[in-house]
Amino acid sequence: MAEATSVTSDPVAGLIDFPLPREVSLWPQTWEARLAIALLLAAICATVWRVAHLRRVNRYRREALAELDSIEHARNSVPSELLSKLTLLVRRTALAAFPRERVAPLVGPAWLAFLDRSYGGEEFSHGVGQLLASGPYRQIPPDGAELQSLVRLVRRWIRGHHA
């Protein structure tokens, strides 16, 4: 009986390790899958570049709309001051979007016609947009309804003009 107790008491010591399988590669094994991944990465890169490009190109629009919001919400402005701020905003936005040689010399009806052509409407030449050219020279300043219509028109022009 003494011999039975002398045998090792560790039952795991006699087990044999079995070999582990090879690690699975995360890289696809077929050339079609690799091509699909490469095309997907190229499409993602192109999309990111396009979005960044459009965001950079339209930065002046975002800044102009932010300034228009601040002009619109300035309650202590008199109508003539609001009109002059709108006129300057439209002029600066046009100078940012179009070549200076085309925009800078325009005044009066030519300026309003240019705004109509770039926008695709006739609200500047035949509508409330005439205030941009004739407003500072009027004896009676424009009323609140006219100014609100002009602000809406300027907002649509900033969002929708095409260079």
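Reference entry: report on the structure contained in this document. (Residues numbered from 1 in each chain as written. Predicted model: local features only at pLDDT ≥ 70, side-chain atom pairs only at ≥ 80, totals over all residues. Heavy atoms only, no water.)

1. Things to note about a nonpolar patch on the surface
Inference 1: Taken together, I37, L40, L41, I44 and V48 make up a surface patch of nonpolar side chains, about 460 Å² in accessible area.
Inference 2: Considering the arrangement of structural elements, one finds L41 in helix α2 (residues 31–57). (Patch = residues over 30% accessible without salt bridge, like charges linked within 9 Å, V, L, I, M, F, W, Y side chains within 5 Å. Areas by Shrake-Rupley, 256 points an atom, 1.4 Å probe, with all protein chains shown as cover. Salt bridge = Lys/Arg side-chain N within 4 Å of Asp/Glu carboxyl O. Helix = DSSP H or I, 4+ residues; strand = E, 2+ residues; numbered from the N terminus.)

2. So, the pattern of salt bridges
Two side chains of opposite charge can pair, provided their charged atoms sit close to one another.
Inference 1: Scanning the entire structure with this criterion turns up five salt bridges.
Inference 2: Between R155 and D69 there is a salt bridge, with the nearest N and O atoms lying 2.9 Å from each other. In this pair, R155 sits in helix α9 (residues 144–160) while D69 sits in helix α3 (residues 59–72), placing the two residues 86 residues apart along the sequence.
Inference 3: On the basis of relative accessible area, R155 is assigned to the buried category, the value being 15%.
Inference 4: According to the relative accessible area criterion, D69 is partly exposed, its value standing at 30%.
Inference 5: As a salt-bridge pair, K85 and E81 come within 3.4 Å of each other at their nearest N and O atoms. Taken together, the residues span about one helical turn, with K85 and E81 both in helix α4 (residues 79–97) at a distance of four residues.
Inference 6: The network of salt bridges with common partners includes D69, E72 and R155. (Buried < 20%, exposed > 50% of the residue type's maximum accessible area, 1.4 Å probe, protein only.)

3. Here we look at the side chain of S125
Inference 1: Within the secondary structure layout, S125 lies in helix α7 (residues 123–126).
Inference 2: At 2.4 Å, the side chain of S125 and the side chain of D116 are in polar contact.
Inference 3: For S125, the contacting residues outside a window of four places in its chain are L112, A113, D116 and Q130. (Polar contact = N/O pair within 3.5 Å; in protein donor to acceptor, adjacent residues only side chain to side chain. Contact = heavy atoms within 4.5 Å.)

4. Concerning the environment of L65
Inference 1: Position of L65 among the secondary structure elements: in helix α3.
Inference 2: With 31 residues separating them in the primary sequence, L65 and R34 have C-alpha atoms 45 Å apart.

5. Some details on the packing of aromatic side chains
Inference 1: What the rule picks out here adds up to three aromatic pairs.
Inference 2: An angle of 75° between the planes, with centres 4.9 Å apart, marks the rings of F98 and F114 as edge-to-face. Placement of F98 in the loop between α4 and α5 (100–103) and of F114 in helix α6 (residues 108–119) is noted, with a sequence separation of 16 residues between them. The residues F98 and F114 share a single accessibility class, namely buried.
Inference 3: Consider the rings of W111 and F114, whose centres lie 5.9 Å apart with planes at 20°: the pair is stacked. (Phe/Tyr/Trp six-rings, centres within 6.5 Å; stacked < 30°, edge-to-face > 60°.)

6. Some remarks on the nonpolar core
Inference 1: Residues W111, F114, L115, F124, L132, W157 and I158 are the most contacted members of the largest nonpolar core, which totals 30 residues.
Inference 2: Looking at this core, the elements that each hand over two or more residues are α3, α4, α6, α8 (131–134) and α9. (Core = buried A, V, L, I, M, F, W, Y, C linked by side-chain atoms within 4.5 Å.)

7. Things to note about the packing of α4 against α9
Inference 1: α9 packs onto α4 with a crossing angle of 10° between their chain directions and a minimal axis gap of 11 Å. With respect to α9, the axis of α4 lies roughly parallel. Residues P79, L82, L83, L86, L89, V90, T93 and A94 of α4 touch α9, and the partners they reach there are L147, L150, V151, V154, W157 and I158.
Inference 2: Split into classes, the residues belonging to the contact of α4 with α9 amount to 13 nonpolar, one polar and no charged. (Axes fitted to C-alpha atoms, helices over the stretch in contact; angles between N-to-C directions. Parallel < 35°, antiparallel > 145°, perpendicular 65-115°, else oblique. Nonpolar A, V, L, I, M, F, W, Y, C, P; charged D, E, K, R; others polar.)

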